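# Tertiary structure, described
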There are 2 protein chains.
Amino acid sequence: MRASAMQRSIGTVIKKTQALTVHDVARLAGVSTMTVSRAINTPDKVSPLTLQKVKQVVAQIGYVPNAMASGLRLSRAKLVAAVLPTLTGPVFQETVRSLASALDQAGYQLMIGQTGYETSREDALLDAVIRRRPDGIVLVGILHSVEGRRQLLSSGIPVVETWDLTPTPIDMLVGFSHERIGESVCRFLAGKGYRRPVLLTASDPRAQRRLEGFRRAAGTLGLEVPAVVVDAPTTLASGRSAIAETLALYPQTDAVFCSSDMLALGVLIELNARGLVVPRDMGVVGLGDIEFARSLDPPLTTVKIDGVRMGELAAQLIVSRSQGVRIDQHIVDIGFEIVERDST
Amino acid sequence: MRASAMQRSIGTVIKKTQALTVHDVARLAGVSTMTVSRAINTPDKVSPLTLQKVKQVVAQIGYVPNAMASGLRLSRAKLVAAVLPTLTGPVFQETVRSLASALDQAGYQLMIGQTGYETSREDALLDAVIRRRPDGIVLVGILHSVEGRRQLLSSGIPVVETWDLTPTPIDMLVGFSHERIGESVCRFLAGKGYRRPVLLTASDPRAQRRLEGFRRAAGTLGLEVPAVVVDAPTTLASGRSAIAETLALYPQTDAVFCSSDMLALGVLIELNARGLVVPRDMGVVGLGDIEFARSLDPPLTTVKIDGVRMGELAAQLIVSRSQGVRIDQHIVDIGFEIVERDST
DNA sequence: TTGAAAGCGCTAACAC
DNA sequence: GTGTTAGCGCTTTCAA
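An unreviewed UniProt entry lists chain A under the name GntR family transcriptional regulator, from Rhodoferax koreensis.

Below is the structure:
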């Protein structure tokens, strides 16, 4: 009978197997604990014979070192924390995935904390994060709380902010300028002959700055740019309703710049449902260039944000810093790129 | 030369700020370290006056307890690990998000490990996970490696498998039957009058079992069911090409059951591009009922998988177990539901 | 090349 | 209600 089946039928509680330690290995291998530690961490500082003996015992009894103990001793958790608004939605996914991969390759694990768009949760979350003494903290998206900023600063833990660009980061930063995106998209649309663009803007500060950039550029062209606000996080459904609202309020609109590709997909679907043809009746620009953007019908013109690169760079900054390397380039602007496809 | 050695030789090393400990608080508050510990963890076991004094010092100097130290002392990391194929794609997102939230509320943090669909990576990843002595491990999706199974079992760490149903879980399980989904969707489509269904099937074992279930049910109805295989992870683009292939190979197809909602979206887009009308010319069924399914045009008939509930239950099982509660229900079948909308 | 001692920061158990 | 002692498992330092 299998163990689990037995437990269910009889109701036995599992005996908690006593976890193995260096002492167990040391005893069985006939060496000191220190030698075990060396055999595992710096094998070249141990004679081939002892090394082999220790390795064999480790394999045989299935010893796995305790990271809490070594972390405490070394003051290095080999852990990095990512703090983000939410794991849901395609926006930050690529960044987090590549961050996790890059860290993994360097022997670090990733811990996740979601603020859930509530500023009140941020402080408690940061406290929980700092308790673990991670080797670094990656902020994906914005940190609102002022108290949180202070906590991070005084913790002395390396911090990388992402997805934004500010001249005054907490510590390090890998991002891009939302204002410049607004400006660029405005010029791009104007260059294509669009004269009555509308922004479908998420209710977050970064979207707000894209709007400002867009309007600034539009001002020099003598254009007025209305904005339709959408609650964050943006969804396909909110894209459909936002374009419906746009058509009702500003029927002469000839192009929309959406706060995300998902929003843009909603727009495409709603326009298609209304028998309107993109780009003939309406130009559509997305943001993110997530996986499906190129596969839509028509393929979506969008602003490519290199989330993978951002994650990799963030990982690199933290790993270097935690190994004591001086970081000269505290602020990295990874830029963006307007990918022109058939929706404009 | 090791990277760190090289860095040291260049000589640009930064000194770390000394982190605060209970001793600092104790000294400044004029009490013992034990009293500080009590003031923080069991405030009701401390006199109101000392409590206030300690709290004030803590706030003033910004002391944050060291979780590695308490974790080591208590043998409780207050950490749960989630191991999954990839963070990308909408499939497991809801599960992971709700898992993180539920754990957070119970005072646990979530650590992420991605196997990246490579069995070879699984063992190394599990080793890294077990080192941290998490209070539980949640397997999202399947664990392929036999050695990994063994490692997990002998670690004694509570394990919850999800997104599947097997009579022989490693430990605990929260999932649903993929075979029954196949059967149900087959009967559903047959009931709607469809006679030539095709499956767009991802190349993973769970999708395979849905196909088997579908074919078994189809067999009793005298139907043959071809399958078009799509590489995991499924994407919108692979949906477009899969339906194109389907139309070429099996032109009389009257319905498709897709391995994910994203795949189904690709199908809808491709059919729309070809001037085919859903459901008149083709019935489409998705899997997952992710956020956008109801907002598509037409709204997508799909199999609702309650990822949020799965995450919550997994969290609950682990938290209970780690608090010493006996778990009688080792296997929880959360079922599924066919949500009929307008695409069939 | 190997080992003994000490301590990372915290808290259970036991005194007072 | 508070303090003292000891030790969680590991690894740096120093001695052999």
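Turning to the packing of aromatic side chains, a few remarks are in order. Taken as a whole and assessed by the stated rule, the structure comprises six aromatic pairs over all chains. With a centroid separation of 5.3 Å and 80° between ring planes, the pair formed by B:Phe92 and B:Trp163 is classed as edge-to-face. Taken as a pair, B:Phe92 in the loop between β1 (79-84) and α6 (93-105) and B:Trp163 in the loop between β4 (159-162) and β5 (172-175) lie far apart in primary sequence, 71 residues in all. For the pair formed by B:Phe92 and B:Trp163, the shared burial category is buried. Ring plane angle 70° and centroid distance 5.5 Å describe the contact between B:Trp163 and B:Phe176, whose orientation is recorded as edge-to-face. Here B:Trp163 is found in the loop between β4 and β5, whereas its partner B:Phe176 is found in the loop between β5 and α9 (178-191), with 13 residues between them in sequence. With respect to burial, B:Trp163 and B:Phe176 carry one shared label: buried. An aromatic cluster of at least three residues, connected via ring pairs, comprises A:Phe92, A:Trp163 and A:Phe176. The aromatic ring of A:Tyr108 is capped on one face by A:Lys78, whose charged end is 4.5 Å from the ring centroid.

For the pair chain A and chain B, the best superposition has an RMSD of 0.2 Å and corresponds to a rotation of 180° with a translation of 0.1 Å parallel to the axis. The superposition of one copy onto the other is thereby described by a two-fold rotation axis. Proximity to the rotation axis, assessed at the C-alpha, singles out A:Met111 in chain A; its C-alpha lies 2.1 Å from the axis. Here 88% of the contact residues of chain A are again contact residues in chain B; the copies associate through an equivalent surface.

Attention shifts here to the interface of chain A and chain B. If you look at the interface, chain A gives 66 residues, while chain B gives 69 residues. Where chain A abuts chain B, roughly 5,900 Å² becomes buried across the two surfaces, and 56% of that area is made up of carbon and sulfur atoms. Of all residues in chain A, A:Met68, A:Arg132 and A:Arg133 give up the largest surface area on contact with chain B, accounting jointly for 12% of the area buried on that side. Counting every contact that joins chain A to chain B gives two salt bridges. Where chain A packs against chain B, one counts 25 residue pairs in polar contact (both at pLDDT 80 or more). Contributing elements (two or more residues each) for the side of chain A that touches chain B: α1 (3-10), α5 (67-74), α6 (93-105), β2 (109-114), α7 (119-131), α11 (236-249) and α12 (261-273) of chain A. When residues of the side of chain A that touches chain B are assigned to their parent elements, the largest contribution, seven residues, is made by α6(A). Looking at chain direction, β2(A) and strand β2 (residues 109-114) of chain B are connected through three bridges and run antiparallel. Bridge pairing in β2(B) places A:Met111 opposite B:Met111.

Calculation criteria
Residues numbered from 1 in each chain as written. Chains lettered and ligands numbered in written order. Predicted model: local features only at pLDDT ≥ 70, side-chain atom pairs only at ≥ 80, totals over all residues. Heavy atoms only, no water. Phe/Tyr/Trp six-rings, centres within 6.5 Å; stacked < 30°, edge-to-face > 60°. Helix = DSSP H or I, 4+ residues; strand = E, 2+ residues; numbered from the N terminus. Buried < 20%, exposed > 50% of the residue type's maximum accessible area, 1.4 Å probe, protein only. Lys NZ or Arg CZ within 6 Å of the ring centre and 35° of its normal. Least-squares fit on C-alpha atoms with pLDDT ≥ 70 in both. Contact = heavy atoms within 4.5 Å. Buried area = accessible area lost by both parts, 1.4 Å probe. Salt bridge = Lys/Arg side-chain N within 4 Å of Asp/Glu carboxyl O. Polar contact = N/O pair within 3.5 Å; in protein donor to acceptor, adjacent residues only side chain to side chain. Pairing = 2+ DSSP bridges.

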